[in-house]
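Next come the chains, spelled out residue by residue.
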Amino acid sequence: MALRFYNTLSQQVEEFLPAHDNTVRMYTCGPTVYDFAHIGNFRSFTFIDILRRVLRSHGFRLDHVMNITDVDDKIIRNAVAQHKSLEDYTDAYTRAFLDDCKTLRLERPERLTPATSHIQDMVEAIEKLTAGHHTYTSDGSVYFRIATFPGYGKLSHNDFSGNLAGARVDVDEYEKADARDFALWKAPKEGEPAWQTAIGPGRPGWHIECSVMAIKYLGETLDIHAGGIDLVFPHHENEIAQSESLTGKPFSRFWMHAEFLMVEGQKMSKSLGNYYTLRDLLDRGYQPEAIRYLLSSVPYRKQLNFTFDGLQSAATAIGRLRNFKLRLETDKYADGSGAGMSARTEKAAHDFVEAMDNDLNTAEALAAAFEYVRDANSAMDSGEFRAGDAAAALDFLGRFDAVFDVIEPTTATNAISDSEIESLIEERQAAKKAKNFARADQIRQQLLDQGIILEDTKSGVRWKRK
Ligand code: AMP
Ligand code: ZN
């Protein structure tokens with residue numbers, strides 16, 4: 001069977017093939033780097049990673065762009081409050097995000113694009129929208145006039161007829177879901193950073209960055225655009241309005257959205273305070289693989305309820321896979337092949353692929369894998385499993401792990417978390433202050449041994465991973 005995805009645009013499960021040659025042109029909305037990402041955010045990014053891996057398992061090449069939103073209201077508010085430049089403020093959280101992605105084994109997109117490196121491209125797009133009569137200016141800000149785009153609402157399937165008059169909002173916060181016309185360009189407020197541009201001083205709105213960077217790097221029509229479910233409206237709806245007004249072409253063929261990670265019936269979110277960062281969970285001793293497993297174990301279109309019991313079960317499930325692999329690699333079996341064993345392995349591999357191809361049904365794929373592990377384990381116990389069966393079983397585990405990537409344990413070097421590093425740095429500072437230079441040097445060496453380089457600067461200690 002072919003690869004099928006649910007398309008938010010058509011509200012149907014459709015067969016997926018890239019439009020041109022063998023390359024999937026994909027854009028996914030990245031993080032807003034105003035703080036550490038929480039594991040709700042990482043549910044969406046883990047979904048993207050699984051999607052990437054399944055696409056590659058079909059032999060497609062990937063051209064995947066993800067933005068880093070490094071200018072927005074929250075970032076400006078926090079940077080100003082901490083007397084930091086935007087760049088210094090966002091650099092730290094961008095680095096933390098990329099470290100967390102690495103810890104969770106999320107593949108890096110082919111291209112990461114910070115919004116602030118594309119201001120000129122955004123200004124040009126806004127000028128083009130203005131030339132096409134899609135905008136108006138008010139108090140130095142430029143707004144997109146939704147009444148000029150009749151297709152508005154086609155992604156979220158909201159009916160906006162009769163409700164398009166020029167209400168406008170000044171912020172990009174998600175909860176302003178009733179925003180109609182939206183800001184393409186925001187005039188600077190007192191004390192806020194601004195870019196001096198041909199359309200006046202200010203900064204871009206959130207939506208325009210994604211349209212501009214997607215079209216710049218991937219062309220006018222993408223194969224897939226994806227993100228969390230809360231991005232459908234207004235963010236993606238607004239991206240469509242801008243992009244299609246710019247090009248006259250459909251912006252993306254497929255739209256895919258991941259449902260929320262929930263905590264006791266509510267969306268995990270910063271504003272509700274019911275969140276854990278990856279670092280919180282690592283500090284509590286959970287393995288990154290267990291977190292990755294948990295985040296990918298429920299099909300992406302279903303809500304996933306986060307519990308510590310769930311995390312514990314994920315760790316147990318991984319243990320079962322590791323034991324099975326160890327058994328395959330180290331147990332001694334009688335020569336030859338067991339009756340029907342190769343057909344059973346083939347069936348498991350087939351069921352696994354079929355489940356993933358069916359709109360990334362990770363729950364069924366895992367069920368196929370664990371049913372096989374149970375069956376093969378008892379075949380090993382009864383002597384039915386023979387030496388000649390091991391290669392195919394290992395091959396299946398390899399295919400499984402090319403997608404789920406949980407079997408290999410994280411080594412100690414990778415495991416040192418940012419907070420552990422920061423606390424060692426603090427201890428080193430204290431040692432230096434107390435003139436205990438031997439201890440300070442020892443800490444520097446200890447961190448270096450784990451691939452962490454310290455740099456003493458005027459504004460304090462900086463660190464980076466080798
Ligand atoms: P942000 O950094 O706020 O721009 O969000 C990054 C990504 O995380 C977006 O794709 C959001 O849709 C997604 N997201 C935020 N909260 C959750 C959640 N509780 N569960 C799943 N995805 C989420
Ligand atoms: Zn976006």
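Remember, predicted model here, so these are calculated numbers, not experimental data. (Residues numbered from 1 in each chain as written. Chains lettered and ligands numbered in written order. Predicted model: local features only at pLDDT ≥ 70, side-chain atom pairs only at ≥ 80, totals over all residues. Heavy atoms only, no water.)

### Looking at the pairing of strand E16 (residues 452-457)
- For E16 and strand E17 (residues 460-465), the ladder comprises six bridges, and the chain directions are antiparallel. Along E17, the bridge assignment pairs Glu455 with Arg462.
- Where E16 hands over to E17, the hairpin turn is made up of two residues, counted between the paired strands. (Pairing = 2+ DSSP bridges. Helix = DSSP H or I, 4+ residues; strand = E, 2+ residues; numbered from the N terminus.)

### Some remarks on the sheet that holds strand E14 (residues 266-267)
- The strand order across the open sheet built from three strands is E14-E13-E15, with neighbouring strands paired in mixed fashion. The open sheet has two edge strands, E14 and strand E15 (304-305), and neither has a second partner.
- The pairing of strand E13 (residues 261-263) with E14 spans two bridges and is classified as antiparallel. Each residue of the ladder has a partner; that of Val263, found in E14, is Gln266.

### Describing the confidence of the model for the chain
- Scored by pLDDT, the chain comes out at a mean of 92, with 95% of its residues at no less than 70.
- Across residues 164-178 the pLDDT falls below 50, and counting only partners more than four positions away or on other chains, this stretch makes 38 contacts in the model. (pLDDT = per-residue confidence, 0-100. Contact = heavy atoms within 4.5 Å.)

### Topic: the site of ligand 1
- Around ligand 1, the surrounding shell holds 17 residues, and the nearest of these are Gly40, Ser44, Asp230, Leu261 and Met268.
- A distance of 2.3 Å separates an oxygen atom of ligand 1 from a polar side-chain atom of Asp230.
- Its free accessible area being 500 Å², ligand 1 has 94% of it covered by the protein chains.
- Here the element with the most residues in the shell around ligand 1 is helix H1 (residues 39-57); it accounts for four residues. (Near = heavy atom within 4 Å. Polar contact = N/O pair within 3.5 Å; in protein donor to acceptor, adjacent residues only side chain to side chain. Areas by Shrake-Rupley, 256 points an atom, 1.4 Å probe, with all protein chains shown as cover.)

### A look at the coordination of the zinc ion (ligand 2)
- Around the zinc ion (ligand 2), the donor atoms from the protein are Cys29 (SG), Cys210 (SG), His235 (NE2) and Glu239 (OE), and they sit 2.1 to 2.7 Å away.
- Geometry at the zinc ion (ligand 2) is irregular, judged from its four donor atoms and the angles of 71 to 133 degrees they form at the metal.
- If you list the donors of the zinc ion (ligand 2) from N- to C-terminus, the spacing comes out as C-x180-C-x24-H-x3-E. Here Cys210 lies in helix H5 (residues 206-218) and Cys29 lies in the loop between strand E3 (23-28) and H1, a separation of 181 residues in the sequence. (Donors = N, O, S within 2.8 Å, 3.2 Å for Na, K, Ca; no water. Tetrahedral: all angles 85-135°; square planar, octahedral: opposite > 155°, others 65-115°.)

### Let's talk about the sheet that holds E3
- Spatially, five strands are ordered E5-E4-E3-E11-E12 in an open sheet, and the strand pairing comes out parallel. Unpaired on one side and paired on the other, strand E5 (111-114) and strand E12 (252-258) mark the two borders of the sheet. Each neighbouring strand pair of the sheet contributes to a mean axis angle of 20 degrees, computed without reference to strand direction.
- Pairing between E3 and strand E4 (residues 61-68): six bridges, direction parallel. Bridge assignment links Thr23 to a residue of E4, and that residue is Arg61.
- Across the face of the sheet, H1 comes into contact with E3, E4, strand E11 (222-228) and E12 while running at roughly 150 degrees to E11.
- Most of the contacts of H5 go to E4, to which it runs at about 150 degrees, and overall it touches E3, E4, E5 and E11. (Axes fitted to C-alpha atoms, helices over the stretch in contact; angles between N-to-C directions.)

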